[in-house]
Amino acid sequence: MARTPLIAGNWKLNLDHLEATHTVQKLAWLLRDAKHDFDDVEVAVLASFTSIRSVQTLVDADQLELKYGAQDISQHASGAYTGEVSGAQLSKLGVSYVAVGHSERREYHGEGDEVVAAKTKAAFDSGIVPIVCVGEGLDVRKAGDQVEYTLAQVDGALKDLPADKAKDVVIAYEPVWAIGTGEVATPADAQEVCGAIRGRLAELYDDELAAGVRVLYGGSVKSGSIAQLMAEPDVDGGLVGGASLDPEEFAKIARFRSHQVGL
Ligand SMILES: O=C[C@H](O)COP(=O)(O)O
């Protein structure tokens with residue numbers, strides 16, 4: 001089954017709404033004439049809550065072929081949860097994607113499997129596709145337990161998720177030791193775990209569902225490394241942090257096909 005590659009930029013705690021507007025304008029301009037190598041690649045940016053409305057206005061007004069999303073979602077639908085943002089609120093802003101279970105949420109906000117599963121469900125309940133982030137830390141990698149550790153996170157995030165939702169989930173394998181460190185996983189490292197994730201999806205659901213789910217790699221992705229990562233059979237895109245703040249670099253990443261070997 002053909003999977004549409006997804007290149008998603010996670011801006012994290014960067015860019016106010018004016019900077020976000022400028023970044024999207026520049027990105028759209030850089031990608032405007034990329035039709036030949038870009039047609040079937042989806043590009044998205046995950047903005048701070050304060051920027052989403054501005055990004056929406058721009059994307060709608062200029063009919064940009066750019067998706068956008070949020071970096072977090074409340075597990076609750078409404079109520080006395082000060083500071084939280086619900087799926088319904090995000091959905092009203094035309095959000096397509098939301099990151100769930102990012103390692104920075106797990107580490108700094110104590111989000112464990114239960115919360116990640118609840119947020120995954122909350123996203124689907126509002127018609128938003130969750131990008132579920134999983135991946136091991138350095139100690140786990142050194143012990144050689146990266147596959148087992150990451151698959152346990154996949155099990156936790158998808159617990160009780162029915163197949164009609166799971167078929168649309170996006171999973172991002174982000175080894176924590178590669179995030180923001182400049183140390184990108186080798187294509188073989190990425191493939192090992194991304195392939196195992198697809199295998200686990202086949203066990204949890206079935207082969208057909210597993211074959212349709214997009215599995216991204218994240219961790220110091222740059223324009224110089226994306227093409228080789230994308231050449232791996234089970235890597236369907238990138239979740240890009242730092243490099244997504246630079247529209248020129250991010251556009252180059254999105255146009256990975258133009259610098260894939262042999263093209
Ligand atoms: O969500 C994105 C990842 O945390 C990767 O961030 P990075 O590209 O800055 O390493």
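Residues numbered from 1 in each chain as written. Predicted model: local features only at pLDDT ≥ 70, side-chain atom pairs only at ≥ 80, totals over all residues. Heavy atoms only, no water.

Rules: UniProt positions are given in the numbering used here, feature names are shortened, and annotations may be inferred rather than shown by experiment.
As named in an unreviewed UniProt entry, the protein is Triosephosphate isomerase, taken from Demequina activiva. On record in UniProt, under Subcellular location (unreviewed entry), the comment for the protein is "Cytoplasm". Heading Sequence similarities (unreviewed entry) of the UniProt record for the protein holds this comment: "Belongs to the triosephosphate isomerase family."

### Focus: the site of the ligand
Keep this limit in mind: Here a residue counts as near a molecule or strand whenever at least one of its heavy atoms sits within 4 Å of it. Between N or O atoms, a polar contact is any pair within 3.5 Å; within protein, one atom must be a potential hydrogen donor and the other a potential acceptor, and residues adjacent in sequence are included only when both atoms are from side chains. Cavity: a set of points on a 1 Å grid over the protein atoms alone where a 1.4 Å probe fits but cannot get out. Pocket: an open set with protein on both sides within 12 Å along at least five of seven lines, its lining residues, like those of a cavity, having an atom within 4 Å of a point. Should more than half of a molecule's atoms lie within 2 Å of a pocket's or cavity's grid points, that molecule is taken to sit in it. Each residue is assigned to one of three groups, with Ala, Val, Leu, Ile, Met, Phe, Trp, Tyr, Cys and Pro labelled nonpolar, Asp, Glu, Lys and Arg labelled charged, and all others, Gly among them, labelled polar.
Taken together, 13 residues are adjacent to the ligand, and Lys12, His102, Gly180, Ser220 and Gly242 come closest. A distance of 2.7 Å is found between an oxygen atom of the ligand and a side-chain nitrogen or oxygen belonging to lysine 12. The backbone of serine 220 places a nitrogen or oxygen atom 2.7 Å from an oxygen atom of the ligand. More than half of the atoms belonging to the ligand lie within 2 Å of the grid points that define the second largest pocket. Classifying every residue of the shell around the ligand by side-chain character gives four nonpolar, seven polar and two charged.

### Some thoughts on the environment of glycine 101
Test applied: Helix numbering and strand numbering both begin at the N terminus, where a helix is a DSSP run of H or I of at least 4 residues and a strand a DSSP run of E of at least 2. Think of it in three bands: with a 1.4 Å probe and only protein chains considered, a residue is buried below 20% of the maximum accessible area for its type, exposed above 50%, and partly exposed in between. Only heavy atoms matter for contacts: two residues are in contact if any of them lie within 4.5 Å across the pair.
By secondary structure assignment, the location of glycine 101 is in the loop between β4 (97–100) and α5 (103–108). Take glycine 101: its relative accessible area is 3%, and that puts it in the buried class. Taking the C-alpha atoms as reference points, glycine 101 and histidine 22, 79 residues apart in sequence, are found 28 Å from one another. Non-local contacts of glycine 101, meaning those with residues more than four positions away in its chain, are made with Arg106, Glu111, Val116 and Cys133.

### Section: the nonpolar core
Spelled out, the test is: The nonpolar core is taken to be a set of buried Ala, Val, Leu, Ile, Met, Phe, Trp, Tyr and Cys residues, with the residues joined through side-chain atoms within 4.5 Å.
Counting 68 residues, the largest nonpolar core has Ile197 and Tyr217 as its most contacted members. Ranked by residue count, the leading element in this core is helix α10 (residues 187–204), at six residues. Other than its neighbours up to four places away in sequence, tyrosine 217 contacts Tyr173, Pro175, Ala178, Val184, Ala185, Ala190, Leu229, Val235, Gly237, Gly238 and Leu239. Counting 13 residues, the second largest nonpolar core, distinct from the first, contains Leu6, Ala8, Ala99 and Leu239.

### Comments concerning the environment of threonine 57
Its location among the elements puts threonine 57 in helix α3 (residues 49–61). Counting along the chain gives 113 residues from threonine 57 to valine 170, while the straight-line C-alpha distance between them is 25 Å. Among the polar contacts made by the side chain of threonine 57, one reaches the main-chain carbonyl oxygen of arginine 53 at a distance of 2.8 Å.

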